[in-house]
Amino acid sequence: MTRPVASNHPILARFLRSFCDCRRRSGETLRIQQEKTMKSFTKTLAVLATGVAFAASAQAGSLSDEAEAAVLEALMDEYHAAAVYAALIDEYGPNTAFSNILAAEKKHSDALIRLLAKHDVAIPTNPWLDGTRALEPLPATLAEAYAAGVVGEITNMALYERELLPAVADYPDVTRVFNNLMAASQTRHLPTFESCAAGDCGGGRAERSAGSQVGSSPKVASSARERAGVGKGAGPNAKRDGKGKGRKAKEQKGKAGGRGKS
């Protein structure tokens, strides 16, 4: 019987044993390295997950006192406008510009409510609808109501520009909603009220007749813009030194009707 070659050559046998030992050690080293790599990868994932969770938590539940107050003030402004427009519809009927704008105000309120819920802020009810606060007397005519709507939308834009937007500059989600609401006032509601105040609502005969009673509506809008300071250095990045002007705008809004609060 032929004996294995290795047993006849001690040097070769030692080489083979050494080679096998090296392979075993290499395999063990590779396994240890793989385990270390997996542990490191797992730790990295855990750190990343914690960071993402923390960022999400910070974004979703931590408004500053100033930012929270700004969102609540914006919601109250929308609440009040909705209550006024609903009362005007009851007074003058649904065939007015207030019907469409009331539906828009509901969407605006919903957007602000979603922000409050996202940031874990308690959501108030509408105090002008639940009887907590009383509405101021309505304008005596539909024409006056449209003129008040012009003033209200202009002073509303000033409120956002001068006070609300600067207060939420550190919150992109809130800033985005505020800009959208201000744009709606500027590009939709204000032109509608200006047209109706000038006698051209594009609606029923009653709207055009009522609107025709306000022959000086462009002056009303121009005067309101000047008093509110809209378009004079205001904007999303306005400094907080404009706060005094914002308070003045709100006082004017209360006197003018429309969005003004009692």
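Remember, predicted model here, so these are calculated numbers, not experimental data. (Residues numbered from 1 in each chain as written. Predicted model: local features only at pLDDT ≥ 70, side-chain atom pairs only at ≥ 80, totals over all residues. Heavy atoms only, no water.)

With the rule as written, the count across this model stands at one disulfide. For Cys196, the disulfide goes to Cys201, at an S-S distance of 1.8 Å. Between Cys196 and Cys201 the disulfide shows an S-S torsion of about 135 degrees. By sign, it is right-handed. For the pair formed by Cys196 and Cys201, the shared burial category is buried. (Disulfide = S-S within 2.5 Å. Buried < 20%, exposed > 50% of the residue type's maximum accessible area, 1.4 Å probe, protein only.)

The full count for this structure, using the stated rule, is six aromatic pairs. The interplanar angle of 20 degrees and the centroid separation of 5.1 Å between the aromatic rings of Phe98 and Tyr146 together place this pair among those described as stacked. Highlighted residues: Phe98 in helix H4 (residues 97-118) and Tyr146 in helix H5 (residues 142-167), separated in sequence by 48 residues. For the pair Phe98 and Tyr146, one class covers both residues: buried. Ring geometry for Tyr146 versus Phe193: centroids 6.4 Å apart, planes at 40 degrees, classification tilted. Here Tyr146, found in helix H5, pairs with Phe193, found in helix H6 (residues 172-197); they are 47 residues apart in sequence, far enough to count as distant. We classify Phe193 as buried; its relative accessible area is 0%. Three or more aromatic residues joined by ring pairs form one cluster here, namely Tyr85, Phe98, Tyr146 and Phe193. (Phe/Tyr/Trp six-rings, centres within 6.5 Å; stacked < 30°, edge-to-face > 60°. Helix = DSSP H or I, 4+ residues; strand = E, 2+ residues; numbered from the N terminus.)

Moving on, we come to the nonpolar core. Tyr85, Phe98, Leu112, Tyr146, Val174 and Phe178 are the most contacted members of the largest nonpolar core, which totals 46 residues. With 13 residues, helix H3 (residues 65-92) is the largest single contributor of residues to this core. (Core = buried A, V, L, I, M, F, W, Y, C linked by side-chain atoms within 4.5 Å.)

On average, residues of the protein chain score 75 in pLDDT, and 56% of them reach the 70 mark or higher. Within the protein chain, H3 carries the highest mean pLDDT (97), whereas helix H7 (residues 205-211) carries the lowest (36). Predicted confidence is poor over residues 203-224, with pLDDT under 50, and the contacts of this stretch with residues over four places away or in other chains come to 34 contacts. Here residues 231-257 is a poorly scored stretch, pLDDT under 50, and it has 47 contacts once near neighbours within four places are set aside; other chains count. (pLDDT = per-residue confidence, 0-100. Contact = heavy atoms within 4.5 Å.)

This part covers the packing of H3 against H4. Close contact between H3 and H4 brings their axes to 9 Å; oriented N to C, the two are set at 155 degrees. One finds that H3 runs roughly antiparallel with respect to H4. Considering only the axes of H3 and H4, their crossing is left-handed. Across from Val71, Leu72, Ala74, Leu75, Glu78, Tyr79, Ala81, Ala82, Tyr85, Ala86, Leu88 and Ile89 in H3, the residues of H4 making contact are Phe98, Ser99, Ile101, Leu102, Glu105, His108, Ser109, Leu112, Ile113 and Leu116. Taken together, the residues of the contact of H3 with H4 sort by class into 17 nonpolar, three polar and two charged. (Axes fitted to C-alpha atoms, helices over the stretch in contact; angles between N-to-C directions. Parallel < 35°, antiparallel > 145°, perpendicular 65-115°, else oblique. Left-handed = near helix turned anticlockwise from the far one by under 90°. Nonpolar A, V, L, I, M, F, W, Y, C, P; charged D, E, K, R; others polar.)

Look at H4: 32 Å from first C-alpha to last across 22 residues, which is about the 32 Å you get at 1.5 Å a residue. Of the residues making up H4, those classed as buried are Ala97, Phe98, Ile101, Ala104, Glu105, His108, Ser109, Ala111, Leu112, Leu115 and Leu116. Looking down the long axis of H4, one finds its buried residues gathered within 155 degrees of arc, a one-sided arrangement. Counted as exposed and oriented over 90 degrees from the buried face of H4: Asn100, Lys106, Lys107 and Arg114. One or two residues past the end of H4 sits Asp120, with phi positive at roughly 60 degrees. (Expected span 1.5 Å × (residues − 1). Arc of directions from axis to C-beta.)

Take the layout of surface pockets next. Considering only enclosed or pocket space, the largest pocket measures out at about 330 Å³ in volume. Along its surface, the largest pocket is lined by 20 residues, and Asn100, Ile101, Ala104, Arg188 and His189 are the ones closest to its centre. Looking at the lining of the largest pocket, the elements that each hand over two or more residues are H4 and H6. Grouping the amino acids of the lining of the largest pocket by side-chain chemistry returns nine nonpolar, eight polar and three charged. (1 Å grid on protein atoms, 1.4 Å probe; cavity = no way out; pocket = protein on both sides within 12 Å on 5 of 7 lines; lining within 4 Å. Points joined across faces, edges and corners; volume = space filled by probe spheres on them.)

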